[in-house]
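Each chain, written out:
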Amino acid sequence: MGFNLLIVDDEEIAIRGIVKGIKWEELPYENIYTAMDADEAQDIMRAKKVHVVLSDIDMPNQNGLELLEWINEQFPHCVTLFLTGHADFKYAQQAVQLSSFNYLLKPIDHRQLQLALQEACEKAAEIASFDSIRATYNQFYQQWQLERPLLIERFWQDLIHYRQSLASAYLDSALKNYNLPLQSDSHIMLIQISIEQWKEEWSARDEEIMTYAIKNVAEEFFLKNTETKGHCIQDGHGILYLIIYEPQQLASRDIEQLGQSFIEHCREYLHCYLSCYIGKDIPLASIREGIRALLQIERQNVAESCTVQLEQSLSQRTESAIAAMVHFPDWLVMLETGKMTQLNYQIDVYFDKLLQAKVGYHELAAFYFGFMNAILQWLQSKGINSTDVMQEQSWDLKEGNLKSLVRLKSWTSMICQQISSYIDAEGKQVSSVVDKVRQYMLAHLDEEFSREKLAAQVYLNPAYLSRLFRRETGLSLTDYMVKLRMNKAKEQLESSNLKVSDIAYLVGYANFSHFSKLFKKTTGLTPQEYRKMYGKV
């Protein structure tokens, strides 16, 4: 790297002596600039990049010390040396106070001056290196600040979906890295926001954009307006969760009324119906259990829409019943992902705990019914008929099994293994639930589209059905219905003489203009153009 030097002296002969007397080829200076006074020096520094200044002190108008003061304000990374005939200690003291790099007295040997210029150049290189490091740091810091919200959301998603550990050591390290006001032993509150229905016929992309808007509004309502710290995240299935870092901050407020106001705001301005499921104050390490509890409440809610439900008021089960069910969601995750080694280990651990607790008949019966309920619900959610998985007698639990931990454990492992083998053999298929919904949609193209009506056909919560349908088909219910209607319209345009307006009505569109816009968006042609090009009648 080449450096630039500025020599400032009101005596031309002094400047000429330095320029001619120094062996510049031995120094890493690229350009040598000269100035006869402080004003000229300032003009040069404004126009050129100057790394080192060699200046006299005694000059007219502004002296060298005043010039140094100006340089410190305007170009603080510039290295300055004084070469002067003044041996007065006061001058030297002022130069040191103004951070001058060196103070040299005239007359000076050229070799000594050359050495001083070499040292000044090394100092300039050190400053440039530090500036480069700082600039790189600032660049990455700004980038990190921009991406921090996404990194924080990914952190919470990894915790929820078992991709990261809930161990205290990891949590404390990660929370510190992301600058979150939590520790591994902190308590949090969860609020699940379940989007039940869109008032408009959105495309999948439109729904993503509107969901993002709901996410921002949720943070505004529950966090910013209440001066509460937290984050709103979206899990892999499209569900929104508010993670409240300071549950006590909302404890003094009517959170149920706050949730209802949020629901009404979204219904009026964001064209959607949604419900809020508000969890209890829980330890951070119990976040997965907290989410499972809210999902269970949502799944059981098939009657009410646009409602706020508090887990605290719905938790009627005894502690022993909760303890008997607590492992099942974890087991189902391992079963679905084919992690049978880990699942068998968890079964061993659980039954060892039952053995140590010296449980009796009633505890084993509670386990059996809880296990069967979890398995059957899970199979239903996958659209799998239980009788397809195994022979009916496999489900038969003999009375003796409820009197023996060993037999019950063996039966549990056998059931899990049969389900795992079925999943491996069948692979991923469109569930019977989704297939039934598709058949119903096809048979009712001319009727008003309603997600609630579809959900009622398969006895599922509308929000849950929407997530299941998208996961199985890759399309939203709305997008799929539009696809079916457009396919039906194309068939009619090709093979019949019906008026276009009648075809629109036949496939469920009373508004002809809306139908034409959707048809052109789908095919790139108007209905009339399509008939002219592909009509067979």
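Note that this is a predicted model, so its numbers are computed, not measured.

### With respect to the overall build of the protein
Reasoning step 1: Helix and strand counts for the protein come out as 24 helices and eleven strands.
Reasoning step 2: By the burial criterion, 45% of the 537 residues in the protein qualify as buried.
Reasoning step 3: Contacts in the protein between residues at least 24 apart in sequence constitute 68% of all its contacts with a sequence separation of at least 6.

### Some thoughts on the layout of surface pockets
Reasoning step 1: The space that makes up the second largest pocket amounts to roughly 890 Å³.
Reasoning step 2: Together, 38 residues line the second largest pocket, and Trp198, Glu207, Arg451, Arg470 and Ser476 are the ones closest to its centre.
Reasoning step 3: At the level of elements, strand 6 (187-198), helix 7 (204-224), helix 20 (462-473) and helix 21 (477-495) are the ones that each hand at least two residues to the lining of the second largest pocket.
Reasoning step 4: It is strand 6 that contributes the most residues to the lining of the second largest pocket, six residues altogether.
Reasoning step 5: Within the lining of the second largest pocket, the residues separate by chemical class into eleven nonpolar, 14 polar and 13 charged.

### Some thoughts on the nonpolar core
Reasoning step 1: By size, the foremost hydrophobic cluster in this structure holds 30 residues, and its most contacted members are Ile191, Ile193, Ile214, Leu242, Phe262, Leu274 and Cys276.
Reasoning step 2: Looking at this core, the elements that each hand over two or more residues are strand 6, helix 7, strand 8 (240-244), helix 9 (255-269) and strand 9 (272-278).
Reasoning step 3: For this core, the element with the most residues is helix 7, which contributes seven residues.
Reasoning step 4: Contacts of Leu274, omitting those with residues within four sequence positions, involve Ile193, Ser194, Ile195, Glu196, Ile214, Phe262, Ile263, Cys266, Cys306 and Thr307.

### With respect to the pattern of salt bridges
Reasoning step 1: Scanning the entire structure with this criterion turns up 14 salt bridges.
Reasoning step 2: For the salt bridge of Asp43 with Arg46, the shortest nitrogen-to-oxygen distance reads 3.1 Å. Placement of the pair is Asp43 and Arg46 together in helix 2 (residues 38-47), with a separation of three residues, close to one helical turn.
Reasoning step 3: For Arg46, a relative accessible area of 53% translates into the label exposed.
Reasoning step 4: One connected set of salt bridges, linked through shared partners, spans Arg154, Asp158 and Arg163.

What counts, and where the lines are drawn
Residues numbered from 1 in each chain as written. Predicted model: local features only at pLDDT ≥ 70, side-chain atom pairs only at ≥ 80, totals over all residues. Heavy atoms only, no water. Helix = DSSP H or I, 4+ residues; strand = E, 2+ residues; numbered from the N terminus. Buried < 20%, exposed > 50% of the residue type's maximum accessible area, 1.4 Å probe, protein only. Contact = heavy atoms within 4.5 Å. 1 Å grid on protein atoms, 1.4 Å probe; cavity = no way out; pocket = protein on both sides within 12 Å on 5 of 7 lines; lining within 4 Å. Points joined across faces, edges and corners; volume = space filled by probe spheres on them. Nonpolar A, V, L, I, M, F, W, Y, C, P; charged D, E, K, R; others polar. Core = buried A, V, L, I, M, F, W, Y, C linked by side-chain atoms within 4.5 Å. Salt bridge = Lys/Arg side-chain N within 4 Å of Asp/Glu carboxyl O.

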